[in-house]
There are 2 protein chains.
Amino acid sequence: MNSKIIGLDIGGANTKLASSDGKIIELHYLPLWKNTRLPEVLKEIAQRMQPEKIAVVMTGELADCFEDKEQGIRFIKSCVDSAFEPSKVSYINSMGRFQREAGDIRELAAANWAASARLAGKEFGDCIFVDVGSTTSDIIPILSGEHKAGLTDFDRLCRSELVYAGTLRTNLAALLGKVKLERGLCRTASELFATTADAYLLLGKIDESAYTCETADGAGRSKTDAIRRLARLVCADLSEIREEEIYEIAGQVKEKQVSALAEAISEVAKRNGLKKIAAAGLGEFLIKEAAERLGFEFISVSGHWGEEISKVFPAYAAARLLDA
Amino acid sequence: MNSKIIGLDIGGANTKLASSDGKIIELHYLPLWKNTRLPEVLKEIAQRMQPEKIAVVMTGELADCFEDKEQGIRFIKSCVDSAFEPSKVSYINSMGRFQREAGDIRELAAANWAASARLAGKEFGDCIFVDVGSTTSDIIPILSGEHKAGLTDFDRLCRSELVYAGTLRTNLAALLGKVKLERGLCRTASELFATTADAYLLLGKIDESAYTCETADGAGRSKTDAIRRLARLVCADLSEIREEEIYEIAGQVKEKQVSALAEAISEVAKRNGLKKIAAAGLGEFLIKEAAERLGFEFISVSGHWGEEISKVFPAYAAARLLDA
């Protein structure tokens, strides 16, 4: 394992990088949907790190700036291939294998979790690999080293192998149609007024440095800013709602997300006869709670490889697979 | 009634104008949250129409560009007062009455429905006034000419007098956590990938000219564009999902919105002993379905005053109240 073999995980909002020895970890906030700086940043990485080999996984092709996934994949591929010497670049497909020259380009769509599953299967054996990131939650059954998940995001949404909620970017209105307050149930506003990052900041589950996405209102990332955003979820400002009630709403966000996660894990577990979870991502704390509720064995990728690697696990897994 | 008395309804996304004789109706798409053109447009209206009297109602103060509602109200008021001669301007408060000089400025927050309720009460007697607009649904009980609703959006969200869903701008992810497909239930993506305007365009409930808000992806307003956006709700592109399934999803959007509306109307009806609905707004078709399910009497503002007036009813009501 060395620092010259790197993995890149190019998502719609973030691009993550890890070296196969785990010594280099980078997270770049690089939204693809507006004047993206992806080409420049990849070139800068190529010059600065001079990697010998690069393994690439992606999910960014779903960004709604692309007409369809194939267009998105071609765009991402062209950015990578103009930054690095193409002979040094390998792409990992949705089976978690390196793509052959002749392979269908669409197999590269949404494959970052497949790289993770390949490494998790080698390391932990049969298990459900769960990765809760900034935006989504992957719930991947692994048997005899092979993942048994659907091959597209659409398939996985239908099979409870993808829950489209994460620890930072998720619109709270998509999680909670109503919140419980002292005075009773209250409907929520369906705007993008607050995100999960606001709730988990208030609950002390992430700190400001982990709040790496944009805020819903473009204001700051302090607790006061987050409280103001959460108040807007019920169309209130701080003269109308008490701070304790805001914290209660934040607690309900976590409760809802843990129960949605547990429901999905339980379904995947039953289908595959699995009761062991390997958990990665910024949202390991949510997976741990879900595992406890289900009474499942719980392995933490943070505990095994360290917290920083857990947060960029698909990139690390890609690098490791290339270095095997 | 004449064309020189106008009502203005200044919302977060749209500003609407009507004259008290109903002959002039205008809708301006004027988002307050980014470099708003509100000051210029109001000045242009003042010069072009030379109104004798202006009645103003607002809801735009909740826009998240403002720190709190008072700041929002002051901003909107300053725009109005620099466009029109202040002595000609009257503001309507959340009791549906003209605001006295000494009144608390916060009483002007979210008062557009109060003007509507005042006029509806005069015209239709005791009823539940329901206005489903582009973004929200107001459900206002009226007894003996006075509305009995909570005075703030927060209060009304708690009392089922405000359902934060409309016919154009509502994020489908906030309405539907799962959709039913032939293959079974499918979770949805929690991004802003598609809005109610896309669903109602496909269902033929609105046409392209009524699609007056921005599209979720910045692309066009054709049915093909809308189909593409709805496919993204389940992370699919058009090679993965059949068009008939997209139309089924659109149908589920309507079903969910009608049932949420019926639930809220039913609660308000019970609390106030009312069984008659007066319906206004672009979403009258949703209210009609909800009324049928509940077996309530249904009066259409479109039928009574015309479709164009129904769509800008708070502005029309404000003008009429000033002309009384």
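Residues numbered from 1 in each chain as written. Chains lettered and ligands numbered in written order. Predicted model: local features only at pLDDT ≥ 70, side-chain atom pairs only at ≥ 80, totals over all residues. Heavy atoms only, no water.

Undergrad: Sorry, what's going on with the overall build of chain A here?
TA: Across its full length, chain A carries twelve helices and 13 strands. Relative to the compact-globule value of 20 Å for 324 residues, chain A shows a C-alpha radius of gyration of 20 Å, a close match. If you line up chain A on its principal axes, its C-alpha atoms span 65 × 45 × 35 Å. Within chain A, the fraction of its 324 residues that count as buried is 61%. Of the contacts formed within chain A by residues at least 6 apart in sequence, a portion of 61% connects residues at least 24 apart. Here chain A displays about 12,000 Å² of accessible surface, and carbon together with sulfur accounts for 47% of that area. Across chain A, the centroid of the 42 positively charged side chains sits 2 Å from that of the 48 negatively charged ones. (Helix = DSSP H or I, 4+ residues; strand = E, 2+ residues; numbered from the N terminus. Rg over C-alpha atoms; globule rule 2.2 N^0.38 Å. Buried < 20%, exposed > 50% of the residue type's maximum accessible area, 1.4 Å probe, protein only. Contact = heavy atoms within 4.5 Å. Areas by Shrake-Rupley, 256 points an atom, 1.4 Å probe, with all protein chains shown as cover. Lys, Arg positive; Asp, Glu negative; His and termini not counted. Charge placed at Lys NZ, Arg CZ, Asp CG, Glu CD.)

Undergrad: Got a minute to help me understand the domain arrangement of chain A in this structure?
TA: Many structure descriptions define interface size as the accessible area lost when the parts assemble. All names here are of chain A. When the domains of chain A are assigned, the result is domain 1 (1–110) and domain 2 (125–303). Placing the centre of domain 1 and that of domain 2 at their C-alpha centroids yields a distance of 26 Å. Taken as a group, Tyr 29, Ser 94 and Met 95 account for 39% of the area that domain 1 buries against domain 2, more than any other trio of residues on that side. If you look at where domain 1 meets domain 2, you find one salt bridge. Between Glu 146 and Arg 97 there is a salt bridge whose closest N-O contact spans 2.6 Å. Inspection of the region where domain 1 meets domain 2 yields three residue pairs in polar contact (both at pLDDT 80 or more). Partitioning the side of domain 1 that touches domain 2 into residue classes produces nine nonpolar, two polar and two charged. (Domains from an automatic or database assignment. Buried area = accessible area lost by both parts, 1.4 Å probe. Salt bridge = Lys/Arg side-chain N within 4 Å of Asp/Glu carboxyl O. Polar contact = N/O pair within 3.5 Å; in protein donor to acceptor, adjacent residues only side chain to side chain. Nonpolar A, V, L, I, M, F, W, Y, C, P; charged D, E, K, R; others polar.)

Undergrad: Any chance you could explain the pairing of strand β11 (residues 184–187) of chain A here in plain terms?
TA: Each regular strand displays side chains that alternate between the two surfaces of the sheet. Residue and element names in this part refer to chain A. The pairing of strand β10 (residues 178–181) with β11 spans four bridges and is antiparallel. Each residue of the ladder has a partner; that of Leu 181, found in β11, is Gly 184. A loop of two residues connects β10 with β11, the two strands running antiparallel in sequence. (Pairing = 2+ DSSP bridges.)

Undergrad: Where do I start with the packing of helix α3 (residues 112–124) of chain B against helix α12 (residues 313–322) of chain B in this structure?
TA: Packed helix pairs are specified by the crossing angle of their axes together with the interaxial distance, meaning the distance between the axes. Residue and element names in this part refer to chain B. As a packed pair, α3 and α12 sit with axes 8 Å apart at the nearest point and diverge in direction by 65°. Judged by the twist between their axes, the crossing of α3 over α12 is left-handed. Contact residues: Asn 112, Ala 115, Ser 116, Arg 118, Leu 119, Lys 122 and Glu 123 in α3; Phe 313, Pro 314, Tyr 316, Ala 317, Ala 318, Arg 320 and Leu 321 in α12. Class assignment of the residues belonging to the contact of α3 with α12 gives a composition of eight nonpolar, two polar and four charged. (Axes fitted to C-alpha atoms, helices over the stretch in contact; angles between N-to-C directions. Left-handed = near helix turned anticlockwise from the far one by under 90°.)

Undergrad: Where do I start with the relation of the copies chain B and chain A in this structure?
TA: Structural alignment of chain B on chain A gives an RMSD of 0.0 Å, achieved by rotating through 180° and translating 0.0 Å along the axis. Classification of the inter-copy transformation places it as that of a two-fold axis. The rotation axis passes nearest to the C-alpha of B:Ala174 in chain B, at a distance of 2.1 Å. When you check the interface residues of chain B against chain A, 100% turn up at the interface there too, and the contact is symmetric in its surfaces. (Least-squares fit on C-alpha atoms with pLDDT ≥ 70 in both.)

Undergrad: Would you explain the sheet that holds strand β2 (residues 14–19) of chain A in this entry?
TA: Residue and element names in this part refer to chain A. The five strands lie next to each other as β3-β2-β1-β4-β5, forming an open sheet whose pairing is mixed. The sheet is open, and its two edges are formed by β3 (25–29) and β5 (89–91), each paired on a single side. On average, each strand axis in the sheet is inclined to that of its neighbour by 20°, with strand direction left out of account. Looking at chain direction, strand β1 (residues 5–10) and strand β4 (residues 53–58) are connected through six bridges and run parallel. The partner of Ile 6 across the bridge, within β4, is Ile 54. Its contacts with the sheet put helix α2 (residues 69–83) on β1, β4 and β5, and the angle it makes with β5 is roughly 160°. In this fold helix α12 (residues 313–322) packs onto β1, β2, β4 and β5, with an angle of close to 140° to the strand it touches most, β1.

Undergrad: In this structure, what is going on with the interface of chain B and chain A? I would like to understand it.
TA: Taken residue by residue, the interface counts 49 residues in chain B and 49 residues in chain A. Taken over both partners, the interface formed by chain B and chain A buries close to 4,100 Å², and the fraction arising from carbon and sulfur atoms is 48%. For A:Arg187, the salt bridge identified is with B:Glu263, shortest N-O distance 3.1 Å. The interface formed by chain B and chain A includes 26 residue pairs in polar contact (both at pLDDT 80 or more). Those elements that provide at least two residues to the side of chain B that touches chain A are α4 (153–158), β9 (162–163), α5 (172–175), β10 (178–181), β11 (184–187), α7 (223–232) and α8 (243–272) of chain B. For the side of chain B that touches chain A, the leading source of residues is α4(B), giving five residues. Looking at side-chain class alone, the side of chain B that touches chain A contains 23 nonpolar, eight polar and 18 charged residues.

Undergrad: Would you explain the sheet that holds strand β2 (residues 14–19) of chain B in this entry?
TA: Pairing between sheet strands relies on hydrogen bonds along the backbone, with the strands arranged either parallel or antiparallel. Residues and elements named next belong to chain B. Read from one edge of the open sheet, five strands run β3-β2-β1-β4-β5, paired in mixed fashion. Each edge of the open sheet carries a strand with a single partner, namely β3 (25–29) and β5 (89–91). Across the sheet, the mean angle from the axis of one strand to that of its neighbour is 20°, orientation sign disregarded. With respect to the sheet, α12 is in contact with β1 (5–10), β2, β4 (53–58) and β5, its orientation differing from that of β1 by roughly 140°.

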